[in-house]
Protein chains: 2
Amino acid sequence: MSKQQSNVSRVYAALRQMAADFAFMPDQRINESELSKQLGASRTPLREALNQLVAEGFLTFQNNRGFFCRSLTPKYIQDLYEARVAVECEALRLSCRRASDSEIADLGAYLQQTEAEYENADDPTERLAMDESFHMRLVLLSGNGELERSLRSLNDRIRYIRLIDLQRMRDKAGVRVPGELSAHSRILLALAGRDAVAAEAAMRGHIEKRREAATDAVRIAFSQLYVPQD
Amino acid sequence: MSKQQSNVSRVYAALRQMAADFAFMPDQRINESELSKQLGASRTPLREALNQLVAEGFLTFQNNRGFFCRSLTPKYIQDLYEARVAVECEALRLSCRRASDSEIADLGAYLQQTEAEYENADDPTERLAMDESFHMRLVLLSGNGELERSLRSLNDRIRYIRLIDLQRMRDKAGVRVPGELSAHSRILLALAGRDAVAAEAAMRGHIEKRREAATDAVRIAFSQLYVPQD
DNA sequence: GCATTCAAAATTGTATACAGTTTAGAATGC
DNA sequence: GCATTCTAAACTGTATACAATTTTGAATGC
């Protein structure tokens, strides 16, 4: 009998979470000894996990200087949003051909259930989790493992900014007019109608609408990250 | 004065090349001691590089059993081709908006030059390098670093199969009718006309045309990989 | 105050050792 | 021949040690 899960993957998961949350400041140097104590593993497995995160773009590496948190710039966030459009639109196109009627119906039920919760949820983290979950389910319907992997990576690198964006939206957002369709509903409707063009257009519009706001949020993020207490 | 390039990144580059060429057989277990001798580094930096390749999908990892070459299945190759469509079509769309006229003219000159060479090149490796290069230049015009990174990864994981595909095409391919436009020319023309829809359609058709052939090539690849000498 | 120098401290890079686990293959029984 | 058991060899996982490099910060000169 042996452990199924490797120690490196446990450390990796913890680090990825930390990197997503910007527990490391942008461009901050990462101290291996300190971190290894914190995570209860020696530097050898820690560095193996850190190397994985470098390969995925969460961290960078400089010879003899070690590991650094990725930097956070409007350009970088824009790149990630554009990549999301690429991944999610193509996945949606595939889903229009491949998803079964019952899979689409299931997603519809999920959407209906969460949209009610969404309106009531105060916590932006909760809202974001619901939003991400809907988008991820859509990609899963495409049946493409590579697109799924890409979206997971993009989501984790973008999450912090989306959270800031959501917090700002909460303050000034009006309630949606009852009867008006949410962006998610419009996407799902087009999918149910197997209308790839309409679905893609709805998805593209939906993501790009948030892109501009998100690049603005980068500046806000800076102030939130670099001020310790407020 | 110090080395600019780290040892790990040297080992990584060598391993990535090997993984792209299927120097490791699909599903083959990788022996760390042997490989570390071969690459002139101890197991510590070797494993750091191997972990990067796991994160990128070139290899897999099982606790207490070590590293394995990714498996090679028609489904996997299809996923990668579909991801290429996602990345390259969106990049092209962005390029239509962003590329300067002179950048497009440069790419046109490059295309004209290589298409002549392409017809004469016997070596499939050369042909593939030219093809990849054109596609990569297109993505670079989008100015999106994330899409660029994705395409690089996809290219390396797909290359071996494309090579097999090209070898098969050589045997039965007819010469293109003079005056008829190559797929690359059609894409470039649409780009020059800033016609994102036409460009995307041409790109999609171009990649998908090879996708089916490539999944067939997987079976051929198996026979080539598993027969040592022929 | 500001730049420069330099030695001490901190940190990274990697080889190695060894414990823990898996694998290979011989021996055995059916 | 085929499955099972068991032991030795091979291999992986990780802590640790130490060399090489970078960083820190005090001392100095301007």
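J.: Summarise the environment of Leu 15 of chain A; cite the residues concerned and give the values.
T.: All names here are of chain A. By the element assignment, Leu 15 lies in helix α1 (residues 7-20). The exposure class of Leu 15 is buried, given its relative accessible area of 0%. Through-space distance from the C-alpha of Leu 15 to that of Cys 96 is 36 Å; in sequence the pair is 81 residues apart. Once residues lying within four places of it in the same chain are set aside, the contact partners of Leu 15 are Phe 24, Leu 35, Leu 39, Leu 46, Ala 49, Leu 50 and Leu 53.

J.: Explain the interface of chain B and chain A to me, and be specific about the residues and the numbers.
T.: Of the residues lining the interface, 40 residues belong to chain B; the matching set on chain A comes to 40 residues. Across the pair Glu 200 of chain B and Arg 93 of chain A runs a salt bridge whose closest N-O atoms are separated by 4.0 Å. The tally of links from chain B across to chain A stands at 22 residue pairs in polar contact (both at pLDDT 80 or more). Secondary-structure elements contributing two or more residues to the side of chain B that touches chain A are α3 (43-56), α4 (74-98), α7 (145-172) and α9 (196-226) of chain B. At 13 residues, the largest contribution of residues to the side of chain B that touches chain A is made by α4 of chain B. Here the side of chain B that touches chain A is built from residues that sort into twelve nonpolar, 13 polar and 15 charged.

J.: Describe the domain arrangement of chain A, naming the residues involved and giving the relevant values.
T.: By a widely used convention, the size of an interface equals the accessible area lost when the partners come together. Residues and elements named next belong to chain A. If you check the domain split of chain A, you get domain 1 (7-69) and domain 2 (74-226). Relative to domain 2, the C-alpha centre of domain 1 lies at a distance of 28 Å. The partner domain 2 presents nine residues to the nine residues of domain 1 that form the contact. Taking both sides of the interface into account, the surface hidden between domain 1 and domain 2 amounts to around 880 Å²; carbon and sulfur atoms contribute 57%. Between domain 1 and domain 2 we count one salt bridge in total. A salt bridge links Asp 156 to Arg 16; its shortest N-O distance comes to 2.5 Å. Where domain 1 touches domain 2, the interface holds three residue pairs in polar contact (both at pLDDT 80 or more).

J.: Could you give me a rundown of the protein's contact with DNA strand D, with the residues and numbers involved?
T.: Near DNA strand D lie 21 residues; those nearest to it are Asn 7, Ser 42 and Arg 65 of chain A together with Asn 31 and Arg 47 of chain B. In DNA strand D, atoms within 4 Å of the protein come from the sugar-phosphate backbone in 74% of cases. In the environment of DNA strand D, a phosphate oxygen lies 3.4 Å from a nitrogen or oxygen atom belonging to the side chain of Arg 29 of chain A. In this structure, a phosphate oxygen belonging to DNA strand D sits 2.9 Å away from a main-chain N or O atom of Asn 64 of chain B. Here the surface near DNA strand D is built from residues that sort into five nonpolar, nine polar and seven charged.

J.: So what about empty space enclosed by the protein? Which residues, and what values?
T.: Per the counting criterion, the structure on display carries three cavities of 30 Å³ or more. Of the pockets and cavities examined, the largest cavity occupies roughly 70 Å³. Listing elements by their share of the lining of the largest cavity, those giving two or more residues are α4 (74-98) and α9 (196-226) of chain A together with α4 and α9 of chain B. In terms of residue count, the dominant contributor to the lining of the largest cavity is α4 of chain B (five residues). In terms of residue class, the lining of the largest cavity is built from five nonpolar, no polar and eight charged. Taken together, Asp 122, Pro 124, Arg 127, Leu 166 and Arg 170 of chain A form the lining of the second largest cavity. Contributions of two or more residues to the lining of the second largest cavity are made by α6 (124-141) and α7 (145-172) of chain A. Class assignment for the residues of the lining of the second largest cavity results in two nonpolar, no polar and three charged.

J.: Break down the packing of helix α5 (residues 101-120) of chain B against helix α6 (residues 124-141) of chain B for me, with residues and values.
T.: Residue and element names in this part refer to chain B. Running from N to C, α5 and α6 cross one another at 170°; their axes reach a closest spacing of 10 Å. One way to sum up the angle between α5 and α6 is to call them roughly antiparallel. Every residue of α6 that contacts α5 at Glu 103, Leu 107, Tyr 110, Leu 111, Thr 114, Glu 117, Tyr 118 and Glu 119 is listed here: Arg 127, Met 130, Ser 133, Phe 134, Arg 137, Leu 138 and Leu 141. Of the residues in the contact of α5 with α6, the class split is eight nonpolar, two polar and five charged.

The rules behind the values
- Residues numbered from 1 in each chain as written.
- Chains lettered and ligands numbered in written order.
- Predicted model: local features only at pLDDT ≥ 70, side-chain atom pairs only at ≥ 80, totals over all residues.
- Heavy atoms only, no water.
- Helix = DSSP H or I, 4+ residues; strand = E, 2+ residues; numbered from the N terminus.
- Buried < 20%, exposed > 50% of the residue type's maximum accessible area, 1.4 Å probe, protein only.
- Contact = heavy atoms within 4.5 Å.
- Salt bridge = Lys/Arg side-chain N within 4 Å of Asp/Glu carboxyl O.
- Polar contact = N/O pair within 3.5 Å; in protein donor to acceptor, adjacent residues only side chain to side chain.
- Nonpolar A, V, L, I, M, F, W, Y, C, P; charged D, E, K, R; others polar.
- Domains from an automatic or database assignment.
- Buried area = accessible area lost by both parts, 1.4 Å probe.
- Near = heavy atom within 4 Å.
- 1 Å grid on protein atoms, 1.4 Å probe; cavity = no way out; pocket = protein on both sides within 12 Å on 5 of 7 lines; lining within 4 Å.
- Points joined across faces, edges and corners; volume = space filled by probe spheres on them.
- Axes fitted to C-alpha atoms, helices over the stretch in contact; angles between N-to-C directions.
- Parallel < 35°, antiparallel > 145°, perpendicular 65-115°, else oblique.

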